[in-house]
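Here is what each chain is made of, one letter per residue.
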Amino acid sequence: MLISEVYARDPFPQFSFIEIETINRCNGNCSFCPVNRKNDPRPLNKMSEDLFLSVLEQLREVDYRGTLSLFSNNEPLLDSRIIDFARMAREVVRHAHLKLYTNGTLLTVEKFRSLMRYLDNMVIDNYNNRLVMHSNILEVYEYWKGAETPDKKVIFPMRLEDEELSSRGGYAPNRKNVAAIKASCLLPFFQMVVRPDGKLSLCCNDAWVHTRLATFKHSLLQMHGTAKPTGS
Ligand code: SF4
């Protein structure tokens, strides 16, 4: 699809992926990641519950039915409110597809069960360079194999911590030598990323919010022209 085709659409399409980062921290050590615990330059920030609810209310107002992710460039289980936030998201934005990625380090069977009451989809990335499953993730995996909720999708990718992936828009610590190319990208047309202070970054590759599109309270619905915001 070309950007000109997107511009020509009438009405202008609503985003279909939203990521809400409720805390901007990770405890991981992935050398390809701009926010691994050795490289993250961001001041610690947690989203207020008021802002989180305001985002949800505004999504409800536009009858949002796309994917709603409770993470972006972070480890969501570092936020002790994450299960409660998943519950609120389920209750308020009823038709969204609720999704969460985690590195699994803080996951227990109990937390997993609580989260899966509300989520449609969880991805548990098991990171280490020996490709061995961490013992707590193995427990969750064994539990999941016997669970009777086949409509809910859970996957357990085995991932290398030191993999070389994309340059993440020039921010990947282990791909700094990759030359930037000038090219257009459609992702900002379909994805919205809300940081803990309400700022909208260009996309999930803009982990440090180098490019701020707007600040959430006054922008979400205006940008997409669908309704008036309810937030103050
Ligand atoms: S890839 Fe995920 S787990 Fe690894 S450091 Fe980045 S945010 Fe953390």
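Along every chain, residues carry numbers that run from 1 in the direction the sequence is written. Predicted model: local features are reported for residues with pLDDT of at least 70 only, side-chain atom pairs are reported and counted for 80 or more only, and whole-chain, interface and lining totals are derived from all residues. With hydrogens and water stripped out, all remaining heavy atoms of the structure feed into the side-chain values.

### With respect to the overall build of the chain
Threshold: Put simply, DSSP marks the helices as runs of H or I at least four residues long and the strands as runs of E at least two long, and each gets a number from the N terminus on. Per-residue accessibility, obtained with a 1.4 Å probe over protein chains only, is compared with the maximum for each type, and a residue is labelled buried under 20%, exposed over 50%, and partly exposed between these values. Working rule for contacts: check all heavy atoms of both residues, and any pair within 4.5 Å makes them a contact. The charge count includes Lys and Arg as positive and Asp and Glu as negative, but it does not include His or the ends of the chains. For this purpose, a charge sits on NZ of Lys, CZ of Arg, CG of Asp or CD of Glu.
Of regular secondary structure, the chain possesses seven helices and 10 strands. Overall, the chain is about 50 × 45 × 35 Å in size when its C-alpha atoms are taken along their principal axes. Looking at the chain as a whole, 46% of its 232 residues are labelled buried. For the chain, the proportion of contacts with a sequence separation of at least 24, taken over those separated by at least 6, is 67%. Averaging the positions of the 30 positive and the 27 negative side-chain charges in the chain gives two centres separated by 3 Å.

### Here's the deal with unusual backbone geometry
Negative phi is the rule for most residues except glycine; trans is the rule for most peptide bonds. Here the amide bond leading from D10 into P11 is cis, since omega sits at 5°, within 30 degrees of zero. Tracing the backbone shows P11 in the loop between α1 (3-8) and β1 (17-20). A positive phi angle, close to 50°, is found at D63, a residue other than glycine. One non-glycine residue, L131, adopts positive backbone phi at about 55°. With respect to the helices and strands, the residue L131 is situated in the loop between β5 (126-127) and α5 (135-146). Residue L131 is classed as partly exposed on the basis of its relative accessible area of 43%.

### Section: the nonpolar core
The nonpolar side chains of soluble globular proteins are, as a tendency, buried together. This is how the line gets drawn: For the purposes of this section, nonpolar cores are sets of buried Ala, Val, Leu, Ile, Met, Phe, Trp, Tyr and Cys residues that join through side-chain atoms within 4.5 Å.
Formed by 42 residues in total, the largest nonpolar core has its most connected members in I18, L68 and M122. When contributions to this core are tallied by element, the ones reaching two or more residues are β1, α2 (49-61), α3 (82-92), β3 (97-102), α4 (109-116), β4 (121-124), α5 and β8 (191-194). Of the residues forming this core, the biggest block, six residues, is contributed by α3. Once residues within four sequence positions are removed from consideration, I18 is found in contact with V55, L59, Y64, T67, L68, S69, M192 and V194. Counting residues in each nonpolar core, the second largest holds six residues, with C30, F32, C33 and V35 among its members.

### Observations regarding the packing of aromatic side chains
Put simply, the test is: The criterion for an aromatic pair is that two Phe, Tyr or Trp rings (for Trp, the six-membered ring) have centres within 6.5 Å, with stacked assigned to planes under 30 degrees apart, edge-to-face to planes over 60 apart and tilted to the rest.
Under the defined criterion, the tally for this structure stands at 11 aromatic pairs. Between F12 and F189, the ring centres sit 6.3 Å apart and the planes meet at 50°, which makes this aromatic pair tilted. Taken together, the residues span a long stretch of sequence, with F12 in the loop between α1 and β1 and F189 in helix α6 (residues 187-190) at a distance of 177 residues. Every member of this aromatic cluster is reached through a ring pair, and the members are Y7, F12 and F189.

### Overview of the environment of K152
Note that K152 resides in the loop between α5 and β6 (153-155). K152 sits in the buried class, given a relative accessible area of 16%. Taking the C-alpha atoms as reference, K152 lies 25 Å from V194; in sequence the two are 42 residues apart. Setting aside anything within four residues of it in sequence, one finds K152 in contact with M116, R117, Y118, L119, D120 and W144.

### Here's the deal with the side chain of N126
Positionally, N126 belongs in strand β5. Setting aside chain neighbours within four positions, we find N126 in contact with V132, M133, H134, I137, P157, M158 and R159.

### A few points about α3
Those residues of α3 that sit buried are I82, F85, A86, M88, A89, R90 and V92. Buried positions along α3 lie against α2, β2 (67-69), β3 and α4.

### Overview of α2
Helical geometry: 3.6 residues make up each α-helical turn, so side chains three or four residues apart lie on a common side. Which entries qualify depends on this criterion: Helix span is expected to be 1.5 Å times the residue number reduced by one.
Over its 13 residues, α2 runs 18 Å from end to end, which matches the ideal 18 Å to within 8%, given 1.5 Å per residue. Of the residues making up α2, those classed as buried are L51, F52, S54, V55, L56, Q58 and L59. Downstream of α2 by a residue or two, D63 has a phi angle that is positive, lying close to 50°.

### Considering the pattern of salt bridges
Test applied: By definition, a salt bridge exists where a carboxyl oxygen of Asp or Glu is found within 4 Å of a side-chain nitrogen of Lys or Arg.
Inspection of every chain in the model, using the stated rule, returns 15 salt bridges. In this structure, the salt-bridge partner of D40 is R25, at a minimum N-O distance of 3.5 Å. Placement of D40 in the loop between β1 and α2 and of R25 in the loop between β1 and α2 is noted, with a sequence separation of 15 residues between them. Under the relative-accessibility criterion, D40 is labelled buried at 16%.

So yeah, pure geometry; function would need other evidence.
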